[in-house]
Number of protein chains: 2
Amino acid sequence: MSQQNSQPSPVEPREAVFVNGVNLDALGATVGAIKADPELGVSRFRAVNRWVDGNHNRTTVTGFYGAKQEIAHRQAFTLVADEPPILAGNDDGANPVEHLLHALASCLTTAMVAHAAVRGIEIEELEAVLEGDLDLNGFLGLNPETPKGYTAIRASYRVKAAEKDLATIRSLASFSPVFNTLTNGVPVDVSVETI
Amino acid sequence: MSQQNSQPSPVEPREAVFVNGVNLDALGATVGAIKADPELGVSRFRAVNRWVDGNHNRTTVTGFYGAKQEIAHRQAFTLVADEPPILAGNDDGANPVEHLLHALASCLTTAMVAHAAVRGIEIEELEAVLEGDLDLNGFLGLNPETPKGYTAIRASYRVKAAEKDLATIRSLASFSPVFNTLTNGVPVDVSVETI
């Protein structure tokens, strides 16, 4: 049978579907691919840090390994850390434990917004105050009994969404990789070699 | 006895002592104060995060509580997170798990440089590549058995310093608050209320 006179296949470019500003088509494509081949989900994120001077140092993030390939970011990201004067720095950047709070906050926010989008739950506004308790007697080595890390972190979110969705939105925080890394702990191997 | 003809007290403004660019006088003043009153070490770091759109969100860091008072940073720091296109973002910032690697790298670097300075150990150069293993089957909820956070992180440092100091420099990483938070884990309380 000749196709010549048959109706052409409908090629209707449709709008991508967005919920909470998340492109569900893009996310769905990634989810579908990993469902079909779970190995595609195996990822290795990377950061290169260089000491500048004193308590000032700088990290560059350019790409990561995922979907069985190296993937370059569209741009290189430079992240700067320093300490405030009370900790012998020049305050040229947030300090490392503040960057940790940002990593946690941004991950919790992303987990709630993206997983809500997939469930069709609309969020109008979302903001959080994060606080972490740290006793400098630990870091400074003044008391060997004092924990050197954070002993507690609180993330207090305020959301503008339907009242009925609040509990679900809260529960979606549990998907956050940084939340899980911090609450479960992770082995960190530190090696030091000469240049 | 009249002081009039006595030798004036020597007021010789001396240079601050720096090792590795760390102002040891400033650090020493903080250490001395906390030694005398350990309560001065109790700190609470803080970050405010706001969702922008999709997987894009922004954190502001303006100050912290320490030395029994609120201390403002000299400037406000804005930190931006986004996701790459494969995770339905626009790549407008490093993603949360990359920010976590930066937090860890910057903290390990600071711990090694500052504690080396206090011990008179000179460091000429210090750089690190950090890698973290993460299986997206966890975050995406595709396999409930897959951990959602990092399962391992490697921090590979290269240092230019005297060979005899290498082992000591490596050991100083153990003072890092972010390293300790990640390896020991920390309780994170997440609350969500309506605006």
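Anything mentioned here points back to the structure above.
One numbering rule holds for all chains: residues counted from 1, following each sequence as written. Here every chain gets a letter starting at A, and every ligand a number starting at 1, in the order they are written. Restriction of local features to residues with pLDDT of at least 70 applies here, the model being predicted, together with a cutoff of 80 or more for giving and counting side-chain atom pairs; totals for whole chains, interfaces and linings are based on all residues. Note: side-chain values were computed over all heavy atoms of the structure, leaving out hydrogens and water.

1. Focus on the sheet that holds strand S3 (residues 42–53) of chain A
Inference 1: Two strands are counted as paired when DSSP detects at least two bridges linking them. Only DSSP runs of H or I with at least four residues qualify as helices, and only runs of E with at least two residues qualify as strands; both kinds are numbered from the N terminus onward. Within the open sheet, the six strands sit side by side as S5(A)-S4(A)-S3(A)-S6(B)-S7(B)-S8(A). Their pairing is mixed. Among the strands making up the open sheet, the edge pair consists of strand S5 (69–81) and strand S8 (188–194) of chain A. Pairs of neighbouring strands in the sheet enclose a mean axial angle of 15°, with direction left out of account.
Inference 2: Examined bridge by bridge, strand S6 (residues 123–135) of chain B and strand S7 (residues 152–161) of chain B share 10 bridges and lie antiparallel to one another. Lines are fitted to the C-alpha atoms to define the axes, a helix being fitted only along its stretch in contact, and any angle between axes, read from their N-to-C directions, falls within 0 to 180 degrees.

2. A few points about the sheet that holds strand S3 (residues 42–53) of chain B
Inference 1: Reading across from one edge, S5(B)-S4(B)-S3(B)-S6(A)-S7(A)-S8(B) is the order of the six strands in this open sheet, with mixed pairing throughout. The open sheet terminates on both sides in strands that have one partner only, identified here as strand S5 (69–81) and strand S8 (188–194) of chain B. The sheet shows a mean angle of 15° between the axes of neighbouring strands, direction not considered.
Inference 2: In this sheet, S5 of chain B lies alongside strand S4 (residues 56–66) of chain B in antiparallel orientation, the contact comprising nine bridges.

3. Things to note about the nonpolar core
Inference 1: Put simply, a nonpolar core is a bunch of buried Ala, Val, Leu, Ile, Met, Phe, Trp, Tyr and Cys residues held in one set by side-chain atoms that sit within 4.5 Å of each other. Exposure categories follow from relative accessible area, calculated using a 1.4 Å probe and restricted to protein chains: below 20% of the type maximum is buried, above 50% is exposed, and the middle band is partly exposed. Counting residues in each nonpolar core, the largest one holds 115 residues, and the members touching the most others are Tyr 157 of chain A together with Tyr 157 of chain B.
Inference 2: Note on definitions: a residue-residue contact is assigned when non-hydrogen atoms from the two residues lie within 4.5 Å. Not counting chain neighbours up to four residues away, the residues in contact with Tyr 157 of chain B comprise Val 190, Ser 191, Val 192 and Glu 193 of chain A together with Ala 105, Leu 108, Thr 109, Met 112, Leu 126, Glu 127 and Ala 128 of chain B.

4. A short note on the interface of chain A and chain B
Inference 1: Taken together, the 128 residues of chain A in the interface contact 127 residues of chain B.
Inference 2: Put simply, buried area is how much 1.4 Å-probe accessible surface two parts lose in total, over both of them, once they are put together. For the pair chain A and chain B, the summed buried area comes to about 11500 Å², and 64% of that belongs to carbon and sulfur atoms.
Inference 3: Looking at the side of chain A facing chain B, the largest losses of area belong to Phe 45, Trp 51 and Ile 195 of chain A, adding up to 7% of the total buried there.
Inference 4: Every case where a carboxyl oxygen of Asp or Glu lies within 4 Å of a side-chain nitrogen of Lys or Arg is listed as a salt bridge. One can count six salt bridges joining chain A with chain B.
Inference 5: The definition of a polar contact used here is a pair of N or O atoms within 3.5 Å, where within protein one atom must be able to donate a hydrogen and the other to accept one, and adjacent residues in sequence count solely through side-chain atom pairs. Along the contact surface separating chain A from chain B lie 66 residue pairs in polar contact (both at pLDDT 80 or more).

5. Structural notes on unusual backbone geometry
Inference 1: Look at Ala 67 of chain A: it is not a glycine, yet its phi comes out positive at around 50°.
Inference 2: Mapped onto the fold, Ala 67 of chain A is located in the loop between strand S4 (56–66) and S5.
Inference 3: By relative accessible area, Ala 67 of chain A is classed as buried at 18%.
Inference 4: Although it is not a glycine, Ala 88 of chain B adopts a positive phi angle of roughly 65°.
Inference 5: If you trace the backbone, Ala 88 of chain B turns up in the loop between S5 and helix H2 (96–118).

6. Focus on the packing of aromatic side chains
Residue and element names in this part refer to chain A.
Inference 1: Pairing of aromatic rings covers Phe, Tyr and Trp, the last counted by its six-membered ring, and requires centre-to-centre distances within 6.5 Å; plane angles under 30 degrees mean stacked, over 60 mean edge-to-face, and any other angle means tilted. If you walk through the whole model with that rule in mind, you get two aromatic pairs over all chains.
Inference 2: With centroids separated by 5.1 Å and ring planes inclined at 25°, the aromatic side chains of Phe 45 and Phe 64 adopt a geometry described as stacked. With Phe 45 in strand S3 and Phe 64 in strand S4, this pair connects stretches of sequence that are 19 residues apart. Accessibility classification places Phe 45 together with Phe 64 in one group, the buried group.

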